[in-house]
Amino acid sequence: MLNIESNFLIFTVGFYGLAMVAGFLSIAFKKSLIDRAATWLLAGGLVLHTVSLGARIAASGRLPFANLYESMTSFAWGIALIILVVNYIYNVKAAAAAVTPIAFLAALYATTLNKAIEPLMPALQSNWLLAHVGVAIVAYGIFAFSFGTAVLYLVKAKYDAKWLPAREKLDELTYKLIAFAFPFMILVIITGAVWAEQAWGTYWSWDPKETWSLITTLIYLGYLHARLVMGWKGKVAAWFAVVGFLAVIFTYLGVSFLLSGLHSYAQ
Amino acid sequence: MKKLLSRTWDLFSSNIFAVVLIALLAAVSLLGTVIPQKEASETYFRLYGEVFYRLFSSLGLTNLYASPFFYIILALLGLSLFACSYNRLMTLLKGKGDIYRWGSFFSHLSVLIIYLGAVYGNLAGFSGYDQIEKGKELTAPGGIFSVRLNDFNAKFDAAGRPLTYTSDLSVMENGQEVLRKTISVNDPLAYNGLKFYQSSYGLNGILEITGHGGKTERLPIYKGSCATYTGTGQMFHIEELFPDLHFLHGMAVAVYEPTKAVAFLIAHDDRSSENVGWLAAGKPVRWGKYNLKLASAVEYTGLQVKRDPGVRVVYLGFLFLTVGVGIMLYVKH
């Protein structure tokens, strides 16, 4: 089973990589054929990725959220899926191309990690695991896309690149994505809190991971207030979205590697 | 005076003030993840040196989330939330509200409710840690009932990785068992407003040391503890204490079907340390001029015990928050 799982993951990385290259080419040459190739390569990669994850689930007999490898490949899968869905709804090829490297890098990173199947440690043996990680994948994946659109906005604002979507469209899409992801981020914290109450007897203990999830939420909360109440748009809002996603990455990875606490993967 | 009050109210109602407070809370929370919290003073000495340790400690940065400074930020944010909720409610009561405004009102109110639940829980509840040895009882806080540990079990896979920790507990009232439950890490025991969480486990042992004068001392030990033979001041560090032992790839692995306890001892004084080695229960070992015997060992379970009547209030806040934010961001208006 490990062979199917790891071989399909390697193919997945290849497909995501090709999708990324095709995406960049499509921005540069504006050929609809390359556009479609990028989408189909990403979709093909997602199918392979699903097989790889399915093999993992079959081999381990549980959800693939036990260690850093499983978490990383699941998040890469979620981001790839979200890119396809958002691109399908809003038809923003350039933004999809800008976010595809995140899915590619996450999947590539997963191939380098220790794939040994480990038992779920006692604290993780809970029905809350699926809800907590599930909403986190949705929230983080959509925040990743909003990061892409915000970066494109800043590029467009600086160079007035003709090959990018209009500034207003990027600004509006960044907002829509963050507004959609924010309630999921709230649910990440709530499911985590209820779970912690059940496992450790306290719904909040200022553990570094908890604190960073709060910091991330506060940044996006600031974004939403600044925009909805004070009407801030444009560059400041785009920078907010960029910083917000950097906080997401730090919450997800930085805390586990640099700070100690209950969520530490390095045991 | 009236003007001052109205100005203050305007300040707490203002959006800029709210956003500044949000930014401040984020920044200060961040600081608490950079500076390790609630560590021993030696850790801070090592990391920052004495001057900065004293500075950080006096500013409350080493226990930041319980510092007056942090509480002030939370309180100011609470007042801001109150002003926002109140203003929104007034608008709504005048009939000038759509569903979006209701969502906004409930989102802001929900955080206040979470605050109230947290404060109520802190004032009316408590949290502590207790150990129960196998077969023994722990009188629960309040003294109405006690909890007996019937059995503790830790299961490991072949590589020594933990699978489950479970404690078989009985709730006793007037010597009668009224409830029996096997708890695990995600499944605590709840009784009479108290909750008991599986938190840790281990062995409590008795080490008998006989010195050259023939005097025998019986010393309580556990993993990580240090037993001192008072006759000479010789110290023995208890590196490991297992219920039973087998070796796997050169590593010691605990098997939690205790038959015989085993301890690993290191003798040390101020200058040097020397491995004594493994000590099997009941079998005396000679080390230098000392006779060492692991006289007995009994398993204990470590329980987090708490009462938090504020949890329900906090969960109500969670519900309002989810619904309120959902309405604001998902319902078209």
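The name given to chain A in an unreviewed UniProt entry is Heme exporter protein C. Quoted verbatim from the Subcellular location (unreviewed entry) field of UniProt, the annotation for chain A is "Membrane". Here chain A is described in UniProt, under the heading Sequence similarities (unreviewed entry), as follows: "Belongs to the CcmC/CycZ/HelC family."

Attention now goes to the overall build of chain B. What chain B contains, in helices and strands, is six helices and 16 strands. Computed over the C-alpha atoms, the radius of gyration of chain B is 28 Å, more than 25% above the 20 Å expected from 2.2 N^0.38 for a compact globule of 333 residues. Expressed along its principal axes, the backbone C-alpha trace of chain B runs to roughly 90 × 55 × 40 Å. Once local pairs closer than 6 in sequence are excluded, the contacts in chain B between residues at least 24 apart make up 54%.

Within chain A, the secondary structure is distributed over eight helices and zero strands. Listed N to C, the secondary structure of chain A is α-α-α-α-α-α-α-α in terms of helices and strands. Here the C-alpha atoms of chain A give a radius of gyration of 19 Å, agreeing with the 18 Å that 2.2 N^0.38 yields for 267 residues. When the 267 residues of chain A are sorted by exposure, 51% land in the buried category. For chain A, the share of sequence-separated contacts (at least 6 apart) that also reach a separation of at least 24 residues comes to 77%.

Residue and element names in this part refer to chain A. In the numbering used here, UniProt assigns the "transmembrane region" (unreviewed entry) feature to residues 6–28, 40–59, 71–90, 97–117, 129–155, 175–196, 211–229 and 236–259. Between the end C-alpha atoms of residues 97–117 the distance is 33 Å, and the span holds 71% helix and 0% strand. Split by type, residues 211–229 is 95% helix and 0% strand. Its first and last C-alpha atoms lie 26 Å apart.

Residues and elements named next belong to chain B. The first and last C-alpha atoms of helix α5 (residues 99–124) sit 36 Å apart over 26 residues, in line with the 38 Å expected at 1.5 Å per residue. Among the residues of α5, those classed as buried are Gly-103, Ser-104, Phe-105, Phe-106, Ser-107, His-108, Leu-109, Ser-110, Ile-113, Ile-114, Gly-117 and Gly-121. Among the structural elements, α4 (68–93) and α6 (311–330) are those in contact with the buried residues of α5.

With that out of the way, let us pick up the pairing of strand β13 (residues 262–268) of chain B. Looking along a regular strand, one sees the side chains alternate between the two faces of the sheet. Residue and element names in this part refer to chain B. Pairing analysis gives seven bridges linking strand β10 (residues 234–242) to β13, with the strands arranged antiparallel. Paired with Ile-238 across the strands is Leu-265, a residue of β13. Direction of pairing for β13 relative to strand β14 (residues 273–280): antiparallel, over a ladder of seven bridges. Counted as the bridge partner of Ile-266 is Asn-275 from β14. In textbook terms, the turn of a hairpin is the stretch between consecutive antiparallel strands, and for β13 and β14 this stretch comprises four residues.

Our next topic: the nonpolar core. Most often, soluble globular proteins have nonpolar side chains that are buried together. All names here are of chain A. Counting residues in hydrophobic clusters, the biggest one holds 125 residues, and the most contacted among them are Tyr-16, Ala-76, Ile-79, Ile-83, Ala-103 and Ala-139. For this core, the element with the highest residue contribution is helix α6 (residues 167–200), accounting for 19 residues. Those residues in contact with Ile-79 that lie beyond four places of it in its chain are Ile-102, Ala-103, Ala-106, Gly-141 and Ala-144.

Bringing the interface of chain A and chain B into the picture now. In this assembly, 34 residues from chain A lie in contact with 36 residues from chain B. Of all the elements in the fold, those that place two or more residues in the side of chain A that touches chain B are α6 and α7 (208–228) of chain A. Considering each element in turn, the side of chain A that touches chain B owes the most residues, eleven residues, to α7(A).

All names here are of chain B. The four strands are arranged β9-β10-β13-β14 in an open sheet whose pairing can be described as antiparallel. This sheet does not close on itself; its edge strands, each paired only once, are β9 (226–229) and β14. Along the sheet, successive strands turn relative to each other by an average axial angle of 25°, direction set aside.

Attention now moves to the domain arrangement of chain A. One frequent convention defines the size of an interface as the accessible area lost when the parts assemble. Residues and elements named next belong to chain A. Looking at chain A, the domain boundaries give domain 1 (1–120) and domain 2 (121–267). Summarising the inter-unit geometry, the C-alpha centres of domain 1 and domain 2 are found 20 Å apart. Taken residue by residue, the interface counts 22 residues in domain 1 and 22 residues in domain 2. Within the residue set of the side of domain 1 that touches domain 2, elements represented by two or more residues are α3 (68–90) and α4 (93–111).

A few words now on the sheet that holds strand β4 (residues 162–173) of chain B. Residue and element names in this part refer to chain B. Strand order in the open sheet made by the four strands is β2-β3-β4-β5, with antiparallel pairing throughout. The open sheet has two free edges, formed respectively by β2 (137–139) and β5 (176–184), since each of these has just one partner strand. Recorded for the sheet is a direction-independent mean angle of 25° between the axes of neighbouring strands. Pairing analysis gives eight bridges linking β4 to β5, with the strands arranged antiparallel. Following the sheet pairing, Ser-170 is matched in β5 by Arg-180.

Criteria and thresholds
- Residues numbered from 1 in each chain as written.
- Chains lettered and ligands numbered in written order.
- Predicted model: local features only at pLDDT ≥ 70, side-chain atom pairs only at ≥ 80, totals over all residues.
- UniProt positions renumbered as here; feature names shortened; annotations may be inferred.
- Helix = DSSP H or I, 4+ residues; strand = E, 2+ residues; numbered from the N terminus.
- Rg over C-alpha atoms; globule rule 2.2 N^0.38 Å.
- Contact = placed C-beta atoms within 7 Å.
- Buried ≥ 20, exposed ≤ 12 C-beta atoms within 10 Å, placed from the backbone.
- Expected span 1.5 Å × (residues − 1).
- Pairing = 2+ DSSP bridges.
- Core = buried A, V, L, I, M, F, W, Y, C linked by C-beta atoms within 7 Å.
- Axes fitted to C-alpha atoms, helices over the stretch in contact; angles between N-to-C directions.
- Domains from an automatic or database assignment.

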